[in-house]
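# Fold and contact review
Residue-level listing of the chains:
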Amino acid sequence: MAVGEPGSNLTRCSYRAWLSRWVDTKDCLASTKAKLVILGAGFAGLRVLYRLHDTFGVTLIDPRSDSLAKPTLPELALSGKPVAHARFPLAPIARRTQAQLTQASATSIDPVAQRIQLDSHEAISYDFLVIAVGAVKDYSAIEGLEEFGYSVCDDDHATRRWDALSAFKGGPIVVGAALSTWGTKVAAPDLKAPCEGPIGEGIFMAGYELRSRRIAHTISAFTPGDVFFDDVGDNVHASIAPLLGATGVEVLTAKSVRRVAKGSVMFTDGTELESELTVVIPPYRDPKMIVDSGLGDEVGFVPVNEQMQAFDYSNIFVAGDVSALAMPKLGHIAVHQADVAVACLLRMVGDTVEIPPYRPEVICVMNRGGSEAILLLSDIIYGGERDIAKSGPLVHFMKWSFDAWGYHTHGHLPPDLLQEALEKFLSFIRRPRLGQWNRIGAEQWGTIRQGPGIEVYRSRA
Ligand SMILES: Cc1cc2nc3c(=O)[nH]c(=O)nc-3n(C[C@H](O)[C@H](O)[C@H](O)COP(=O)(O)OP(=O)(O)OC[C@H]3O[C@@H](n4cnc5c(N)ncnc54)[C@H](O)[C@@H]3O)c2cc1C
């Protein structure tokens, strides 16, 4: 009977267990299933685990004892949410899914021998491998960032930033993303900053927090891109602009940060900004393990086909930020890629499931402080026509529900009920009529921008 054929393992194992009471059905099941190793327990890795633990004998490898929900980090950094809300312990997840959990870092992969070397000196073999180790945020690439600046990309930096914001006495704030560079092996959008949502939240939420504490401040935002939020189209830009304008932020485009010092930020074009609180999303870099394994492109991210298979190795799948195809680097895209990989893996063990086409879209939800949030939905950079922004308390409620669901279910994705609710909500805002409404909003903004005292938003190259 073919591996993965419905019921095959169960029937064989139950029979053996009946014959000899020495055999434990669960162990037998694990030993007869194809062996799937998942590297990384983030968005993509957990999605694969939850969808495939019944079919494969899964080993989950991650150096952390918990999974970090990065979209929650801005709330830690900007409204003081407890760090526990962004961490899901992995042990209970492994128990529930009967996965073997190994707390270690993979240091190299031998794709020919189908073996992974771990930093614990253990070596693990696999039939199938899913690489979902995310991207490295290279704090050391920007001189002075660790010493004089702040960030938001992990739990330590997010909590440090909240301490800094709590102690902030006023003055200029500078926030922005550093320049990242990419390889050329796959047809993915070439974005200079792969995830600017946390910068948007840094503007909206820091402004809200400081206004409510009546602390005088100015905020300047910089982007290495030619426009802020390079990954969406004109319609979304026009919808965000008045909201940014209302915060008084000054946006500087095509700025690549070179150095952070006490009281200032320096850019590669020789300009400098005064800053009492500097926040930078560092460049995204490939994990060393990928380069050492010879699986990366020119800069180390893994090129894949549209089934998420690594070039040359049909039993290695790659999903999420580490994939060269994932652009921008977003949880929504990581989960979509994981879904494509899951379907392919099921097909490889005999299932007849349809493989969904790879259709990325940018979905980004930014909290704006209080009970307001804005959702951006766009596929313009992939040649699509959707380019919608929706703002208001309902969007905030959706984000809050997802975070709460993730927290209380230990990152169980998909939260089917919530997933359906989101799909309904998205299909509602995807409707052409609403797109039109947004365009009208954009035109109105043209007039609002000229109103007295409101022309605070400007873009300066
Ligand atoms: C501050 C911030 C806010 C964000 N907000 C949003 C948002 O609102 N919406 C959105 O869609 N996206 C958002 N993103 C992007 C999103 O978080 C990422 O795209 C997503 O986490 C990528 O998922 P992943 O599974 O590829 O990697 P990750 O979630 O980064 O997980 C990678 C896992 O691999 C593990 N790992 C690393 N190296 C190894 C190794 N050598 N061996 C084994 N395991 C390893 C890590 O410990 C980690 O657990 C945000 C990102 C940041 C930084």
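This write-up is about the structure you can find in this document. As the structure is a prediction and not an experimental result, all values here were calculated from the model.

The rules behind the values
Residues numbered from 1 in each chain as written. Predicted model: local features only at pLDDT ≥ 70, side-chain atom pairs only at ≥ 80, totals over all residues. Heavy atoms only, no water. Helix = DSSP H or I, 4+ residues; strand = E, 2+ residues; numbered from the N terminus. Buried < 20%, exposed > 50% of the residue type's maximum accessible area, 1.4 Å probe, protein only. Contact = heavy atoms within 4.5 Å. Areas by Shrake-Rupley, 256 points an atom, 1.4 Å probe, with all protein chains shown as cover. Pairing = 2+ DSSP bridges. Axes fitted to C-alpha atoms, helices over the stretch in contact; angles between N-to-C directions. Patch = residues over 30% accessible without salt bridge, like charges linked within 9 Å, V, L, I, M, F, W, Y side chains within 5 Å. Salt bridge = Lys/Arg side-chain N within 4 Å of Asp/Glu carboxyl O. Phe/Tyr/Trp six-rings, centres within 6.5 Å; stacked < 30°, edge-to-face > 60°. Lys NZ or Arg CZ within 6 Å of the ring centre and 35° of its normal. Expected span 1.5 Å × (residues − 1). Near = heavy atom within 4 Å. Polar contact = N/O pair within 3.5 Å; in protein donor to acceptor, adjacent residues only side chain to side chain. Parallel < 35°, antiparallel > 145°, perpendicular 65-115°, else oblique. Left-handed = near helix turned anticlockwise from the far one by under 90°. Nonpolar A, V, L, I, M, F, W, Y, C, P; charged D, E, K, R; others polar.

## Here's the deal with the overall build of the chain
- Regarding its fold elements, the chain presents 14 helices and 24 strands.
- Looking at the chain residue by residue over its 461 residues, the buried ones come to 55%.
- In the chain, the share of contacts with a sequence separation of at least 24, taken over all contacts with a separation of at least 6, comes to 63%.
- For the chain, the exposed surface amounts to about 20700 Å²; the carbon and sulfur share of it is 53%.

## Section: the sheet that holds strand β8 (residues 123-125)
- The three strands lie next to each other as β6-β7-β8, forming an open sheet whose pairing is antiparallel. A strand with exactly one partner marks an edge of an open sheet, and here the two such strands are β6 (106-110) and β8. On average, each strand axis in the sheet is inclined to that of its neighbour by 20°, with strand direction left out of account.

## Things to note about a nonpolar patch on the surface
- Together, Leu 394, Phe 397 and Trp 400 line one region of the surface with nonpolar side chains, adding up to about 350 Å² of accessible area.
- As for its position among the elements, Leu 394 is in helix α12 (residues 393-408).

## Notes on the packing of aromatic side chains
- All chains considered together, the criterion is met by five aromatic pairs.
- Summarising the aromatic geometry, the rings of Phe 397 and Trp 400 are spaced 5.9 Å apart at their centres and angled 25° between planes, so their arrangement reads as stacked. Residue Phe 397 and its partner Trp 400 are both found in helix α12; the two are separated by three residues, about one turn of the helix.
- Overall, Phe 397 belongs to the partly exposed group, its relative accessible area being 47%.
- The ring centre of Tyr 284 lies 4.8 Å from the NZ or CZ of Lys 137, which sits over that ring.

## Focus: helix α8 (residues 197-212)
- Taking 1.5 Å of rise per residue, the 16 residues of α8 would be expected to cover 22 Å, and the 22 Å separating its terminal C-alpha atoms lies within 8% of that figure.
- Following α8 by one or two positions, Arg 214 has its phi on the positive side, about 55°.

## Topic: the site of the ligand
- Around the ligand there are 31 residues in total, and Ala 44, Asp 62, Lys 70, Asp 321 and Gly 331 lie nearest to it.
- Contact distances for the ligand include 3.1 Å between an oxygen atom and a backbone N or O atom of Phe 43.
- Backbone polar atom of Leu 330 to an oxygen atom of the ligand: 3.3 Å apart, as the coordinates give it.
- Burial of the ligand by the surrounding chains reaches 91%, relative to a free accessible area of 990 Å².

## With respect to the pairing of strand β21 (residues 362-367)
- The buried fraction of β21 amounts to five of the six residues, a majority that puts the element mostly inside the structure.
- Relative to strand β22 (residues 373-378), β21 runs antiparallel, the two sharing six bridges. Following the sheet pairing, Ile 363 is matched in β22 by Leu 377.
- In textbook terms, the turn of a hairpin is the stretch between consecutive antiparallel strands, and for β21 and β22 this stretch comprises five residues, one of which, Gly 369, has a positive phi near 95°.

## Observations regarding unusual backbone geometry
- In the segment running from Met 327 into Pro 328, the intervening peptide bond is cis, with an omega of 0°.
- The phi dihedral of Met 308 is positive, around 70°, even though this residue is not glycine.
- Within the fold, Met 308 resides in the loop between α10 (288-292) and β19 (309-310).
- By relative accessible area, Met 308 is classed as buried at 0%.
- Backbone geometry places Asp 312, a non-glycine residue, at a positive phi of 80°.
- Looking at the secondary structure, you find Asp 312 in the loop between β19 and β20 (313-318).
- Of the residues examined, Asp 312 reaches a relative accessible area of 75% and is grouped as exposed.

## Regarding the packing of helix α3 (residues 43-52) against helix α5 (residues 90-97)
- Where α3 contacts α5, the two axes come as close as 10 Å, and the packing angle between them is 25°. The angle between α3 and α5 places the two elements in the roughly parallel class. Here α3 runs over α5; the crossing is left-handed. For the pair formed by α3 and α5, the contact residues are Leu 46, Leu 49 and Tyr 50 on the first element and Leu 90, Ile 93, Arg 96 and Thr 97 on the second.
- Among the residues making up the contact of α3 with α5, the classes are represented as five nonpolar, one polar and one charged.

## Digging into the packing of helix α7 (residues 155-167) against α8
- Where α7 meets α8, the axes come as close as 11 Å, and the angle between the chain directions of the two elements is 40°. When you trace α7 past α8, the crossing you get is right-handed. Residues Arg 161, Trp 162 and Leu 165 of α7 pack against Gly 202, Ala 206, Glu 209 and Leu 210 of α8.
- By residue class, the composition of the contact of α7 with α8 is four nonpolar, one polar and two charged.

These results come straight from atomic positions and should not be treated as a statement about function.
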